[in-house]
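What the coordinates show
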Amino acid sequence: MNEWLLAGLILAAVVAVVVKRLRGEEVNVRDLFVPPAVLITIGVIALAKAEEATGTDLMWTGAGALLGCALGALRGATVQLSSRNGALWQRYTGRTFGVAVISLLAMAGFGFLAVKMGMHENARPVQLAIGVSFLGEALAVGYRGRTSGTPFAPERRRI
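Nothing here was measured: the structure is a model prediction, and the numbers come from that model. (Residues numbered from 1 in each chain as written. Predicted model: local features only at pLDDT ≥ 70, side-chain atom pairs only at ≥ 80, totals over all residues. Heavy atoms only, no water.)

**A few points about the overall build of the protein chain**
From N to C terminus, the protein chain includes 5 helices and 3 strands. Seen in sequence order, the protein chain has helices and strands lined up from the N terminus as α-β-α-α-β-β-α-α. Relative to its length of 159 residues, the protein chain is compact, with a C-alpha radius of gyration of 17 Å against a globular reference of 15 Å. With respect to the three principal axes, the spread of C-alpha positions in the protein chain is 50 × 35 × 20 Å. The buried share of the protein chain, reckoned over its 159 residues, is 35%. Only carbon and sulfur atoms are counted for the fraction: they give 68% of the accessible area of the protein chain, which is about 9,400 Å². In the protein chain, 16 positive and 10 negative side-chain charges are present, and the distance between their average locations comes to 12 Å. (Helix = DSSP H or I, 4+ residues; strand = E, 2+ residues; numbered from the N terminus. Rg over C-alpha atoms; globule rule 2.2 N^0.38 Å. Buried < 20%, exposed > 50% of the residue type's maximum accessible area, 1.4 Å probe, protein only. Areas by Shrake-Rupley, 256 points an atom, 1.4 Å probe, with all protein chains shown as cover. Lys, Arg positive; Asp, Glu negative; His and termini not counted. Charge placed at Lys NZ, Arg CZ, Asp CG, Glu CD.)

If you want it as structure tokens, here you go:
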């Protein structure tokens, strides 16, 4: 698939998720974990296709994934959770966006350091970074939701 088309589709999907969560939406397991799983899969495929990837690249990519997941979990801790109609709801807050900006700066700094230390630029798939960040957020929101006592929203039927 054309790289620009893929980047555009991923950007559109990320914007759609953020807009939905800014307005507030029901929390169900599928919506929490499918987007990160898709992005991580695309990122891993891109990394596998990187011909010049070395062990050093994989070490930096793994460390970046752990950092991204941790920063995503920190962002997930700022998501407002509430109960509506007996189901769990989530909504992004100003603090969520503040943590997102700090996370972007931290990841940019980490990426700069990694490249300076010898990591190849194409061994840093953006899709993987976004995916692990959303995974960290999903884990934090999922954990907080489970401990709140409010049930997750039922899965919507898809036609």
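Past the structure itself, the notes keep going.
**Focus: a nonpolar patch on the surface**
Together, Leu11, Val15 and Val19 line one region of the surface with nonpolar side chains, adding up to about 250 Å² of accessible area. Looking at the element boundaries, Val19 is found in helix H1 (residues 3–23). (Patch = residues over 30% accessible without salt bridge, like charges linked within 9 Å, V, L, I, M, F, W, Y side chains within 5 Å. Salt bridge = Lys/Arg side-chain N within 4 Å of Asp/Glu carboxyl O.)

**Side note on the packing of aromatic side chains**
Summed over the entire model, instances satisfying the criterion amount to 2 aromatic pairs. Geometrically, the ring pair formed by Tyr92 and Phe97 is edge-to-face, given 5.8 Å between the ring centres and 85° between the ring planes. The exposure class of Phe97 is partly exposed, given its relative accessible area of 34%. (Phe/Tyr/Trp six-rings, centres within 6.5 Å; stacked < 30°, edge-to-face > 60°.)

**Focus on the pattern of salt bridges**
Applying the stated criterion across every chain, the model contains 5 salt bridges. One salt bridge in this structure joins Glu25 and Lys20, with 3.4 Å as the shortest N-O distance. What makes Lys20 partly exposed here is its relative accessible area of 36%. The network of salt bridges with shared partners includes Lys20, Arg21, Glu25, Arg75 and Glu137.

**Brief notes about the side chain of Thr150**
As for its position among the elements, Thr150 is in the segment after helix H5 (126–148). Thr150 gets classed as buried once you look at its relative accessible area, which sits at 18%. Dropping the residues within four chain positions of it, Thr150 is found in contact with Ser83, Gly86, Ala87, Leu88 and Gly145. (Contact = heavy atoms within 4.5 Å.)

**Some details on the layout of surface pockets**
Left-over empty space is what a probe sized like a water molecule reveals as it rolls over the atoms. The volume enclosed by the largest pocket comes to roughly 1,600 Å³. Where the lining of the largest pocket is concerned, the elements lending two or more residues are H1, helix H2 (29–49), helix H3 (55–76), helix H4 (94–116) and H5. The greatest single-element share of the lining of the largest pocket, amounting to 11 residues, is contributed by H4. (1 Å grid on protein atoms, 1.4 Å probe; cavity = no way out; pocket = protein on both sides within 12 Å on 5 of 7 lines; lining within 4 Å. Points joined across faces, edges and corners; volume = space filled by probe spheres on them.)

**What to know about the pairing of strand S2 (residues 80–84)**
In the sheet, S2 pairs with strand S3 (residues 87–91) via 5 bridges, with the strands oriented antiparallel. Across the sheet, Gln80 pairs through a bridge with Arg91, a residue of S3. The hairpin turn running from S2 into S3, its antiparallel successor, is 2 residues long, and Asn85 in that turn takes a positive phi close to 55°. (Pairing = 2+ DSSP bridges.)

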